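Survey of secondary and tertiary structure
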Amino acid sequence: RDAGWHGCPSGSSSHDTRNCHLGSIPLPTKEEFCCWNGCGDGVDHGDTQSRERYQRDLVRFNQACVSETQTRSCQKGEYSAWMGAGHFAFDSCMVSPPDDCPDAHSGEQGNARVRYERAAVPYGDRCVAELETRSCLDGQYVGNWNGSFGFPNCTVHDPPPPPP
């Protein structure tokens, strides 16, 4: 560099033709003697910034937010446009909560039901029942009922007729 050159002023870096001076003395306009202004806030000429942007601001439960990294650079005191493959616009993305499962219309109540070991038992015996459940995932029932009893109803037989 020139013997009188004291470096670039704060906030600028090499090749700034707008700051081609040493104090009040203008320097030759050769690029090697000049500094470009930065973009402010500690961002110097040639610095690159990046940010994460999302394709959508809200996605359904069990889906993923799609993101991209966008970059811009500080050139001669001005930022370039943000660049990214998809030009995604949202600065955040949320996954919606799962939908509730509706009650079934077949007489079974949603994710729980009662099933009986047998369809009928003799007089004096009891009907043995179990509560069965199934899982709900985003508005749909998934998997099988967790019980092993198969009858929706159980009847206790009438008592035998009295002897003659």
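A brief report on the enclosed structure follows. Nothing here was measured: the structure is a model prediction, and the numbers come from that model. (Residues numbered from 1 in each chain as written. Predicted model: local features only at pLDDT ≥ 70, side-chain atom pairs only at ≥ 80, totals over all residues. Heavy atoms only, no water.)

Digging into the state of the cysteines
Across all of its chains, the model carries 3 disulfides by this definition. Here Cys-65 engages in a disulfide with Cys-93; their sulfurs sit 2.0 Å apart. With the S-S bond torsion at -80°, the cross-link from Cys-65 to Cys-93 turns out left-handed. Within this pair, whereas Cys-65 is found in the loop between strand E6 (58-59) and strand E7 (67-75), its partner Cys-93 is found in the loop between strand E8 (78-79) and strand E9 (94-95), the two being separated by 28 residues in sequence. The partly exposed category is assigned to Cys-65, whose relative accessible area is 26%. (Disulfide = S-S within 2.5 Å. Helix = DSSP H or I, 4+ residues; strand = E, 2+ residues; numbered from the N terminus. Buried < 20%, exposed > 50% of the residue type's maximum accessible area, 1.4 Å probe, protein only.)

Observations concerning the sheet that holds E8
Taking strand neighbours across the sheet as the criterion, the 3 strands line up as E5-E7-E8 in an open arrangement whose pairing is antiparallel. Two strands bound the open sheet, and with one partner strand each, they are strand E5 (48-54) and E8. (Pairing = 2+ DSSP bridges.)

Quick notes on unusual backbone geometry
In this model, Lys-76 sits at a positive phi of 55°, which is unusual for a non-glycine residue. With respect to the helices, strands and loops of the structure, Lys-76 is situated in the loop between E7 and E8. One non-glycine residue, Asp-138, adopts positive backbone phi at about 50°. Relative to the elements of secondary structure, Asp-138 occurs in the loop between strand E13 (135-137) and strand E14 (140-142).

Points about the packing of aromatic side chains
Counted by the stated rule, this structure contains 0 aromatic pairs. Its end group placed over the ring of Tyr-79, Arg-72 keeps NZ or CZ at 3.6 Å from the ring centre. Here Arg-134 stacks its cationic end above the ring of Tyr-141, 3.6 Å away from the centre of that ring. (Phe/Tyr/Trp six-rings, centres within 6.5 Å; stacked < 30°, edge-to-face > 60°. Lys NZ or Arg CZ within 6 Å of the ring centre and 35° of its normal.)

What to know about the pairing of E7
Both E5 and E7 contribute to a ladder of 7 bridges, which runs antiparallel. Within the sheet, the bridge partner assigned to Glu-52 lies in E7 and is Thr-69. Remark: 2 residues form the turn of the hairpin made by E7 and E8, two consecutive strands paired antiparallel; Lys-76 in that turn has positive phi of roughly 55°.

Quick notes on the environment of Trp-145
Along the chain, Trp-145 turns up in the loop between E14 and strand E15 (155-156). On a C-alpha basis, the gap between Trp-145 and Leu-131 in space is 9.7 Å, while along the polypeptide they are 14 residues apart.

Details of the side chain of Glu-130
Looking at where Glu-130 falls in the secondary structure, it is placed in strand E12 (residues 129-133). As a buried residue without a salt bridge, Glu-130 has its nearest oppositely charged side chain in Arg-113, at a separation of 7.2 Å. Within the structure, Glu-130 has its side chain in polar contact with the backbone nitrogen of Ser-148 (distance 2.7 Å). Side-chain polar atoms of Glu-130 contact the backbone nitrogen of Phe-149, separated by 2.7 Å. Setting aside residues no more than four positions away along its own chain, Glu-130 makes contact with Arg-113, Val-114, Arg-115, Gly-147, Ser-148 and Phe-149. (Lys, Arg positive; Asp, Glu negative; His and termini not counted. Salt bridge = Lys/Arg side-chain N within 4 Å of Asp/Glu carboxyl O. Polar contact = N/O pair within 3.5 Å; in protein donor to acceptor, adjacent residues only side chain to side chain. Contact = heavy atoms within 4.5 Å.)

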